[in-house]
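Residue-level listing of the chains:
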Amino acid sequence: MRVPVSWLREYAALPAGVTARELAARLIAVGLEVETVDELGADITGPVVVGRVLAIEELTGFKKPIRYCRVDVGAANGSGDPQNIICGARNFSEGDLVVVALPGAVLPGGFAIGARKTYGRMSEGMICSATELSLWEDHEGIIVLPEGFAEPGTDAFEPLGLRDDVLDIAVTPDRGYALSVRGVAREAAAAYGVEFRDPADVALPAADAAGGYPASVADAAICSRYVLRGVTGFDPDAPTPLWMKRRLAMTGVRSVSLAVDVTNYVMMELGQPLHAWDRARVRGPIEVRAAHRGERLETLDHVKRTLDPDDILITDESGPINIAGVMGGLDTEIGLETTDVLIEAAHFDAAHIARSSRRHQLSSESSRRFERGVDSAVQLAAATRAVLLLEELGGAVVDEGVTHIDLGAARQPVALAERHAARVAGVDYPKGTSARRLREVGCEVAEADGGDTLLVTPPSWRPDLGDPNDLAEEVIRLEGYENIPSVPPRAPAGRGLTSGQRLRRAVGRGLAGAGFVEVLSYPFLGERDLDGLQLGAEDARRRTLRLANPLNDDEPLLRTTLLPGLLKALARNVGRGFGDVALFETGLVYLPREGAPERAPMLAVDRGPTGEELAAVEAAIPEQPRHVGAVLAGDREPAGWWGPGRPATWADAIEAAREVAHAAGAELVVRAARREPWHPGRCAALYVAGAEGAVLVGHAGELHPRTVAAFGLPARTAAMELVLDLVERAGVRAAAPEVSTYPVATRDVALVVDAAVPAGEVEAALREGAGELLESVRLFDVYTGEQVEEGRKSLAYALRFRAADRTLTAEEVAAARAAAVAAAAERTGAVLRG
Amino acid sequence: MSAPNNSFDPVEVTALHPDEVARMREEALAAIAAAGDLARLKEVRLAHAGDRSPLALANREIGALPPAARSEAGKRVGGARRDVSEALKRRQAELEEERDARVLVEEAVDVTLPWDRRHRGARHPLTTVAERMADIFVGMGFEVAEGPEVEAEWFNFDALNFLPDHPARTMQDTFFVESAAGGDSGLVLRTHTSPVQVRALLGRELPVYVVAPGRTFRTDELDATHSPVFHQLEGMVVDEGITMAHLRGAIDAFVSGMFGSGLRTRFRPSYFPFTEPSAEVDMECFVCRGASVGDPDAPCRTCGSEGWIEIGGCGVMNPRVLVAAGVDPERYSGWAFGLGVERTLMFAHGVRDMHDMVEGDVRFTSAFGMEI
Ligand SMILES: [Zn+2]
């Protein structure tokens, strides 16, 4: 809401010296979010005066007709002689009053006015248009002031309102009343403790004034008050006065015609949306009712709209003429010849208007106000204010008759403990504070229980005040939030982070310590990403959730894997010149739940949910396991003066997975596997030990060349992805090992196996065969070549043996080594290399 | 007792002759003096002071002397060995000093050579700043609560007193999730971390003191100050006798923990459906502390010369939320706040553009290291 301070001052008797910035700070303190203070006209300086055009000389021979004018500017030019001014506009005549910027004036945009030669004549100033003075947008020509506006030579700043300050207020949804000068003036007056004059205080017609336009309301639930007032003999050519144009422009409303401008002006002033019909086009009695499904209406914007029972309709004998509160119909619109005007002021149901506006995607100044709740009692005053303005400015005659349908129920008082505001704020307000503050905002307050309870009836313009806490807020904000003390909360002893929360941090530190940089990708995917991963039609990762309103139509899906986000970030870094990249991410993926209901149930809010109800909601919410992924390309270790670098490989991806498992205290078992998007020969399935055997937790390895191509990655980019939740579950609390101080016995064995035998299996066999004397086993060489047969490889292991309680004898060590080799021979066909 | 050994062979003990001992001592001392480096001295030590050195061997012969001669011979040999040993020690010290002075200098390397054989990783600053924010409250005894990112509308809106047709609900710019059949699923990407309030109340024993850091989503296009995916830190307390003053205390503790002590905070009345009364929270600009206000010569980029920085929203929990979560509002009261993690990072570390936080450029993230 844009509120001109001059307009505000008409109704709030603010001290004269208060600046707009001070006012803004005060209003912010009481809860009106003043976003900016626009100092309009602050950049206009120098002599801008009223002038009278004495003579016009038409100059010809130029591209367009030009006028050379003699303009009386009184004594403003110092000499009292008429001023000679060149003007390109044609919408004025000799004798008209105009606005003249004399040499020395500076207009908006730093436009300095001087005396200069143009079109072969000396021009001593400029006759101004409204746009040039930033008054309002007008491309019709210069401003022609009404006769009697002011004497020539009069300074134009004051009478034109060239300078004004406008408060731009972001109105929160609970403060519908602040979408009006009236509402903001009331707050300003309360903030300064000064008098408020209500613009709705107009002379109302007698309560029994009947004979208005025939109308009826079908249902009080859609419209609680309905007022119609009419005028006749309105002059459709009557111009909108300058002050009204200026005020409307400052609030951001374009001037259309006097009749329309009056309805907008009253809306800005009182917050009550009005509608004006050409009465000659309305046929028969008006009825307010819900739309029938499938009814149609062509609205002012020339769109034929299909209606719905959420729409409130205004109808006459011909059918719908307005979508109430949202947009008027084309047929009954005010026109250039309209002389009889019917003004409607109604209180429509907020929820209906909200749904209607949303469904038709029509958000207007009117719907915005109805949605937030307008004053339920101001309609008669608003309609009256409008017809009086039409009478005053448009020569109309106001109808005697008034239509006033009042179906509103009286508001029930809210019982409020006198101490409630004090208890909520933690401030010991003196007794009587609540009643005083609530009366200030317009509530009626009665005391009960000897003053311990207040019976508070909120004013008609505050539909948001319904609960004791709503009332407490009014008291606390007016008493000043700055007066609330700061008291540290005293929480009971907490348990710190959960193991899962600690693990996430440990994983992050572990991977960062291993040289990976964390990214936080958006979780949005497109089909293209899944295709790029080479996922088959049946791949579970293609079962995604879809957004109804994605930001980007190419990415409507929610991720089921972290890899696309990581790969895109990797490609971005490579594209920016960083070829050696290692990235990781931890985050949720979203997996539709098998057998989930079509729609998550909506539960009651007037009580806590039952266990069954909660379970039903949870069953509709997708599974959202936490994954961790890592990708890497380029050199894992860079080349340097020490020698060549080492490229990142599939093995680094598996090692990253081990890093994660290590952080969780879980041991990873690696097996060869095939899975998209990995290279079929360079993909590892990763398992952890679970209560019921090995649990698959993810995959790692080199990416498939097709995936590399699809995402534009460096060749041999490697990746891993784990379900972190599963790894976490496999973690065991570390038990302290017994550290033996007896000497170690080291034995090396070289085993020859088929090239296809995984080293992991050989090692597992060695471990099992060696028994408990084995301290560690380490593969230190893999050899293929002349020394071994074709299709075979030699694996060299260092075995370390040690006992907890004695020095091992050579015989014991030899026996353990032999057992290890035997196990490897039996399980993998390994042969001890000679 | 055996008979005294009078029958020793004088030839065998020439080694103990004073001249011989003196010669051995001189030879040893000469060799020590001649040793030019520590390695040579080590050889000399072995040759002249080792177990098989002439003096050591001579020492062994002492036992072969008649008892009367032993003492003198012992003194003689012992003296010689002591002299050799001391000479060795001295020479060792000399040579070490010389090595220190010369050889180590010759061995000097260029220690400014880079050894960046390993890429250094980093955690995302939004992760670490959110951890730090949460840890301030964990230090006060709060626990960290969590909730899903794809959330039921009931949790995200209804239970938080966002009524179905209230403008506050449409103002949230919500991402809606389609049902399997392409219809209304009743699921959204959570627009704030506030649904965790309701989850914490349903899942925990009272009193509840929790914070909930997490990802949130709104349909804002990415620009310098907006991102459709962003992070909040929710805080909530529900206990007996809780007031807005405690809320203020918690916010103050956060500000001093995060930005330093002595910074003022300011509550401005505002509106959120799930709190009543509600407030926006500003903190005094920690860079200029308000000095830039009205001083065009010393503008402050951090606060835009406003003197205050908005850090989030908060309020007293609306009793309607307590009711929807099954908590008796007559007995319990509480408060909640939501702080922007991106904003906190932007202010605390001078991040100027949201793009930097979402693009995953390693240059940006690496600057923040492991902790923030
Ligand atoms: Zn500052």
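Predicted model only: the values in this text are computed from it and were never measured.

All right, on to the UniProt feature "domain: TRNA-binding" (unreviewed entry) in chain A then. According to UniProt, the "domain: TRNA-binding" (unreviewed entry) feature falls on residues 42-157 of chain A. Along residues 42-157 of chain A the backbone is 1% helical and 39% strand, and the end-to-end C-alpha distance reaches 11 Å.

Inspection of the entire model under this criterion finds 22 aromatic pairs over all chains. With 5.5 Å between their ring centres and 80° between their planes, A:W243 and A:Y265 make a pair best called edge-to-face. Of this pair, A:W243 sits in helix α5 (residues 242-251) while A:Y265 sits in helix α6 (residues 258-270); the two residues are 22 residues apart in sequence, bridging distant segments of the chain. Look at A:Y265 and you get buried, because its relative accessible area is 1%. Through a chain of ring-to-ring contacts, the aromatic side chains of B:F137, B:F142, B:Y209, B:F254, B:F259, B:F286, B:W335 and B:F337 assemble into a single cluster. Stacked on the ring of A:Y192, the Lys or Arg A:R26 has its end atom at 4.1 Å from the ring centre.

On to the coordination of the zinc ion. All names here are of chain B. Listed as protein donors to the zinc ion are C285 (SG), C288 (SG), C300 (SG) and C303 (SG); their distances from the metal cover 2.2 to 2.3 Å. With four donor atoms in place around the zinc ion and angles of 104 to 114° between them, the coordination shape is tetrahedral. Read N to C, the donor residues that coordinate the zinc ion are spaced as C-x2-C-x11-C-x2-C. Residue C285 is located in the loop between β8 (275-284) and β9 (308-317), and its partner C300 is located in the loop between β8 and β9; the two are separated by 15 residues in the primary sequence. Residue C285 is classed as buried on the basis of its relative accessible area, which comes to 0%. For C300, a relative accessible area of 7% puts it in the buried group.

Each full turn of the α-helix corresponds to 3.6 residues, which orients residues three or four apart in the same direction. All names here are of chain A. Along helix α2 (residues 20-29), the residues classified as buried are A20, L23, A24 and L27. Taken end-on, α2 shows its buried residues confined to a sector of 100°, consistent with a single buried face. Remark: G31 follows α2 within two positions and exhibits a positive phi of approximately 110°.

Here we come to the pattern of salt bridges. Residues and elements named next belong to chain A. One pass over the full model with this rule turns up 88 salt bridges over all chains. The shortest N-O distance in the salt bridge between D198 and R182 comes to 2.9 Å. Linking D198 in the loop between α4 (181-192) and β14 (215-217) with R182 in helix α4, this pair joins segments that are 16 residues apart in sequence. Summarising the burial analysis for this pair, D198 and R182 share the class buried. Put simply, E655 and R658 hold a salt bridge, and the shortest N to O gap is 3.8 Å.

Moving on, we get to the pairing of β8(B). In regular strands, side chains alternate between the two faces of the sheet. Residues and elements named next belong to chain B. With 10 of 10 residues buried, β8 lies mostly within the body of the structure. Covered by surrounding structure in β8 are T275, P277, A279, V281 and M283 together with E276, S278, E280, D282 and E284, the residues of both alternating faces. Connecting strand β7 (residues 265-272) to the antiparallel partner β8 that follows it, the hairpin turn spans two residues. Across eight bridges, β8 lies against β9 in antiparallel orientation. Each residue of the ladder has a partner; that of T275, found in β9, is M317.

Our focus in this paragraph is helix α9 (residues 379-394) of chain A. All names here are of chain A. The end-to-end C-alpha distance of α9, which contains 16 residues, comes to 22 Å, matching closely the 22 Å that a straight helix rising 1.5 Å per residue would cover. Burial of α9 is extensive: 13 of the 16 residues sit out of reach of the surface. G395 sits one or two positions beyond α9 and adopts a positive phi of about 65°.

Glancing now at the nonpolar core. The biggest cluster of nonpolar side chains holds 138 residues, and the ones touching the most others in it are A:L23, A:L167, A:I476, B:F254 and B:F337. Ignoring any residue separated from it by four or fewer positions in sequence, one finds B:F337 in contact with B:F137, B:V211, B:L233, B:E234, B:G235, B:L247, B:I251, B:G313 and B:C314. Within the second largest apolar cluster, 48 residues are counted, among which are A:L547, B:F157, B:F175 and B:F274.

As a further point, take the UniProt feature "binding site: Mg(2+)" (unreviewed entry) in chain B. Residues annotated by UniProt as "binding site: Mg(2+)" (unreviewed entry) correspond here to B:E276. Tracing the chain through its elements places B:E276 in strand β8. B:E276 sits in the buried class, given a relative accessible area of 6%. For B:E276, the residues in contact, after removing those within four places along its chain, are A:N469, A:D470, A:E473, B:V316, B:M317 and B:N318.

So, about the side chain of A:R626. Among the secondary structure elements, A:R626 is positioned in strand β33 (residues 626-633). For the buried A:R626, no salt bridge exists, and the shortest N-O distance to an oppositely charged side chain is 4.5 Å, to B:E146. Setting aside residues no more than four positions away along its own chain, A:R626 makes contact with A:R504, A:G587, A:L588, A:L722, A:V723, A:L724 and A:D725.

This part covers the environment of A:T172. On the secondary structure map, A:T172 appears in the loop between β13 (164-170) and α4. A C-alpha to C-alpha distance of 8.1 Å links A:T172 and A:L32, two positions 140 residues apart in sequence. With residues up to four places along the chain from it excluded, the contact list for A:T172 reads B:S270 and B:Y271. For A:T172, the side chain forms a polar contact with the side chain of A:D174, separated by 2.5 Å.

Attention shifts here to the UniProt feature "domain: FDX-ACB" (unreviewed entry) in chain A. Following the UniProt record, the feature "domain: FDX-ACB" (unreviewed entry) maps to residues 740-833 of chain A here. The annotated region residues 740-833 of chain A carries 33% helix and 34% strand content, and the separation between its end C-alpha atoms amounts to 31 Å.

A word on the sheet that holds β8(B). All names here are of chain B. Ordered in space as β1-β5-β6-β10-β9-β8-β7, the seven strands form an open sheet in which the pairing is mixed. Unpaired on one side and paired on the other, β1 (143-144) and β7 mark the two borders of the sheet. Judged from the 10 bridges that link them, strand β5 (residues 208-217) and strand β6 (residues 229-239) form a sheet pairing that is antiparallel. Bridging from a neighbouring strand, A212 pairs with E234 of β6. Relative to β7, helix α9 (residues 244-259) is tilted by about 125°, and along the sheet it contacts β7, β8, β9 and β10 (333-340). Where helix α11 (residues 341-349) meets the sheet, it contacts β6, β9 and β10, and its direction lies at approximately 110° from that of β6.

What counts, and at which threshold
Residues numbered from 1 in each chain as written. Chains lettered and ligands numbered in written order. Predicted model: local features only at pLDDT ≥ 70, side-chain atom pairs only at ≥ 80, totals over all residues. Heavy atoms only, no water. UniProt positions renumbered as here; feature names shortened; annotations may be inferred. Helix = DSSP H or I, 4+ residues; strand = E, 2+ residues; numbered from the N terminus. Phe/Tyr/Trp six-rings, centres within 6.5 Å; stacked < 30°, edge-to-face > 60°. Buried < 20%, exposed > 50% of the residue type's maximum accessible area, 1.4 Å probe, protein only. Lys NZ or Arg CZ within 6 Å of the ring centre and 35° of its normal. Donors = N, O, S within 2.8 Å, 3.2 Å for Na, K, Ca; no water. Tetrahedral: all angles 85-135°; square planar, octahedral: opposite > 155°, others 65-115°. Arc of directions from axis to C-beta. Salt bridge = Lys/Arg side-chain N within 4 Å of Asp/Glu carboxyl O. Pairing = 2+ DSSP bridges. Expected span 1.5 Å × (residues − 1). Core = buried A, V, L, I, M, F, W, Y, C linked by side-chain atoms within 4.5 Å. Contact = heavy atoms within 4.5 Å. Lys, Arg positive; Asp, Glu negative; His and termini not counted. Polar contact = N/O pair within 3.5 Å; in protein donor to acceptor, adjacent residues only side chain to side chain. Axes fitted to C-alpha atoms, helices over the stretch in contact; angles between N-to-C directions.

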